[in-house]
Amino acid sequence: MASIIGKKQGGRTYYYLVEPARVGGKPRIVSQRYLGPAEEVISRLSGSGPGEPDRTRHLAFGDLAAVWSVLERMRVAEIVDEVVGERRSDAAASVGTYIALAVANRVVDPCSKRKFSEWWRTTAGDRWVKVTPSALDPRRFWDAMDLVPKEQLKEVERRVVAHVVAELGIALAGLVLDMTNFATYIDSANDRAPIAQRGHAKQKRADLRLVGLGLVVSTDGAVPLVSSAYPGDKPDVTQFPELVEELVARFGALEGTEGEAEERLTLVFDAGQSSEGNYELLDGSPPLHFVGSLPPSGHPDLLAVPKARYRAVDRARFPGLRAFEAEKVVYGKARRLVVTHSEGLHEKQSRGFDQTLAKAERQLSEVAARLSRGKARKAREKVEAEVAEILKPRWLTRVVSTELSGEKPDEVRLEWATDPKARASLLVHHEQAPAPSVPPSRSRGLGGAARSARRSQALQAARPAPTCPRASRQAPHPACSPPTYVVRRSTTAASSHSTRLVPSPLSGCAAGRPGPPGAAQRPVSSLRQVRAPPPQPLPAPRARTILLPRAASPVPASPRGPSPRCGRRARYC
């Protein structure tokens, strides 16, 4: 065992770290290390011994080093300086250097230009870029950016993309296009940023000015290849031609020959870019093949295809995704269509609608309870507007029916009903399981004491024959028309798979999505919206609101447990 011993020399004691061991059966010191006098040992233990630094400085290194090495490999600063030109000799740094510094900050730790110098001091960046602290003033960044007009910015992007594709060997067989917009905090009175405009904000920030962005990326590594910024008040579909034209021009410059482009390039986009003009542009662009998306509601013949034609796409990669192929004339040209259905999206839609329905039921109950107290001051028209706002979410009016009675504010009463059959018709099960046998409606109202089940049955028997409540209008009421079926988009996984089903040699393709043709024939389809059979009308207005008890469902299920038939709670079956 090692130990510390002291040895006196010249009146002073010096300490050693020794390690004894038996040698030839006798104890001997086999290792000895000098520690010094007592003062030096104490100094070492306090952490400030000889040879140790007086202070240290901790700087971020790895992330910035990796980003800057990529920027140098992609020649970002060099290309910017080649396009913009050299600055004056007394300039703190070149325009390319400022652009590269801004890009590095955005990747590593985004902050404003005012905070850049503060962030830069916490990194080891001065090992690669020799700039003075005054050169990192935010005004120097703004001055450099003002020297790059829009035309030169496009040229910089073209050259950088060309170098990236050549340097990294990016495959261009598949390209994905999408558009979005971003909310900014640019002041409304700021006239130096005309691109920031008010429009339909996808971030739900209607109080902020927006900037739109269209982007084309490769399926090989999601590398951005073409970008386009546009005012936030312009629809996405109007910006599609500019991106396509730029893509064609840039791709020809990258590949060199048009023949190679015809064999390789396939563009994928969503239904938001579908228009007759855009499809004409794509048909007239020989280097481009494409996979688009179409609103399923515009193709009822495809929605009527039976489920026997659907086949599983790839159970391992896309579980629950089924599809079939067809050919149809779309936007004036015969195209190959791949109709898909996602069981996962179907289930999510059903769960989401159940939540929306439960919220509407709760709000209607609150309104009915308030009116039943007989002290309301809202006019009948305002109550009707309030009920209409509650039932505004999609499909609610097909499942929930309401009736107002009374004219004076203190006499207005609300009765409402949820039709389980209408709800079941929205959930078309792909196994064609019979819908549970439930009463035609579950009527509810608040105000007055609860009535007995016998009273409810007598009231149901006394109902008049069903008539259209809007028969006076020239056009028939939708509830009195033959049932029609409407579906919305399926899942993004379906669009991703459509790229694989449609090879690039095709001249064009669009993907639709299925829906059921009718109640008797239920194919595999992801329903978002289905018009239910006409619900039974509510009782004629009476002087008082009656609370009708909920009819018992023949499907045995615990009120707290899921129904064995549809996986929902019993009240939604």
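Residues numbered from 1 in each chain as written. Predicted model: local features only at pLDDT ≥ 70, side-chain atom pairs only at ≥ 80, totals over all residues. Heavy atoms only, no water.

Draft legend 1. Here's a closer look at the side chain of Q239. With respect to the helices and strands, the residue Q239 is situated in the loop between β6 (224–231) and α8 (240–255). Discounting chain neighbours no more than four positions away, the residues touching Q239 are M179, Y230 and K234. (Helix = DSSP H or I, 4+ residues; strand = E, 2+ residues; numbered from the N terminus. Contact = heavy atoms within 4.5 Å.)

Draft legend 2. Main features of the sheet that holds strand β3 (residues 26–37). On the basis of which strands lie adjacent, the open sheet formed by three strands has the order β1-β2-β3 and antiparallel pairing. A single partner strand is all that each edge strand has here, and the edge strands are β1 (3–9) and β3. Going across the sheet, the axis of each strand differs from the next one's by a mean of 40°, ignoring polarity. (Pairing = 2+ DSSP bridges. Axes fitted to C-alpha atoms, helices over the stretch in contact; angles between N-to-C directions.)

Draft legend 3. Structural view of a negative patch on the surface. On the surface, E381, E407, D410 and E411 cluster together to form a negatively charged patch. The topology assignment puts E407 in the loop between β12 (400–405) and β13 (413–418). (Patch = residues over 30% accessible without salt bridge, like charges linked within 9 Å, V, L, I, M, F, W, Y side chains within 5 Å. Areas by Shrake-Rupley, 256 points an atom, 1.4 Å probe, with all protein chains shown as cover. Salt bridge = Lys/Arg side-chain N within 4 Å of Asp/Glu carboxyl O. Lys, Arg positive; Asp, Glu negative; His and termini not counted. Charge placed at Lys NZ, Arg CZ, Asp CG, Glu CD.)

Draft legend 4. Highlighting the pairing of β6. Where strand β5 (residues 210–218) and β6 come together, seven bridges link them in antiparallel fashion. By the bridge assignment, G212 is partnered in β6 with Y230. Turn length for the β5-β6 hairpin, with the two strands adjacent in sequence and antiparallel, is five residues, and the turn residue G221 shows positive phi of about 85°.

Draft legend 5. Up close: helix α4 (residues 95–108). The end-to-end C-alpha distance of α4 is 20 Å, a good match for the 20 Å that 14 residues give at a rise of 1.5 Å each. Looking only at α4, the buried set comprises V95, G96, T97, Y98, A100, L101, A102, A104 and N105. (Expected span 1.5 Å × (residues − 1). Buried < 20%, exposed > 50% of the residue type's maximum accessible area, 1.4 Å probe, protein only.)

Draft legend 6. Main features of the packing of helix α12 (residues 343–372) against helix α13 (residues 380–390). Across the interface, α12 lies against α13 with an axial gap of 10 Å and an inter-helix angle of 165°. Judged by the angle between their axes, α12 and α13 are roughly antiparallel. With respect to the hand of their crossing, α12 and α13 are arranged in right-handed fashion. Where α12 abuts α13, its residues A360, Q363, L364, V367, R370 and L371 lie against V383, E386, V387 and I390. (Parallel < 35°, antiparallel > 145°, perpendicular 65-115°, else oblique. Left-handed = near helix turned anticlockwise from the far one by under 90°.)

Draft legend 7. Local environment of the layout of surface pockets. Taken as a whole, the largest pocket spans an internal volume of roughly 2,000 Å³. Together, 40 residues line the largest pocket, and I99, V103, L153, E157 and S227 are the ones closest to its centre. If you list the elements that add at least two residues to the lining of the largest pocket, you get α2 (62–73), α3 (76–84), α4, α6 (138–146), α7 (150–168), β5 and β6. A per-element tally of the lining of the largest pocket places α7 first, with nine residues. Its residues assigned to classes, the lining of the largest pocket shows 30 nonpolar, two polar and eight charged. (1 Å grid on protein atoms, 1.4 Å probe; cavity = no way out; pocket = protein on both sides within 12 Å on 5 of 7 lines; lining within 4 Å. Points joined across faces, edges and corners; volume = space filled by probe spheres on them. Nonpolar A, V, L, I, M, F, W, Y, C, P; charged D, E, K, R; others polar.)

Draft legend 8. Region of interest: the packing of aromatic side chains. The tally for this structure, following the rule as stated, stands at 15 aromatic pairs. An angle of 65° between the planes, with centres 6.1 Å apart, marks the rings of F269 and Y279 as edge-to-face. Here F269 is found in the loop between β7 (266–268) and α10 (276–283), whereas its partner Y279 is found in helix α10, with 10 residues between them in sequence. As far as the burial class goes, F269 and Y279 line up, both buried. Put simply, the rings of Y98, F116, W119, W120 and F141 touch in pairs and so form one group of aromatic residues. The ring of Y16 carries K7 above its face, with NZ or CZ at 4.7 Å from the centroid. (Phe/Tyr/Trp six-rings, centres within 6.5 Å; stacked < 30°, edge-to-face > 60°. Lys NZ or Arg CZ within 6 Å of the ring centre and 35° of its normal.)

In short, geometric facts, not functional conclusions.
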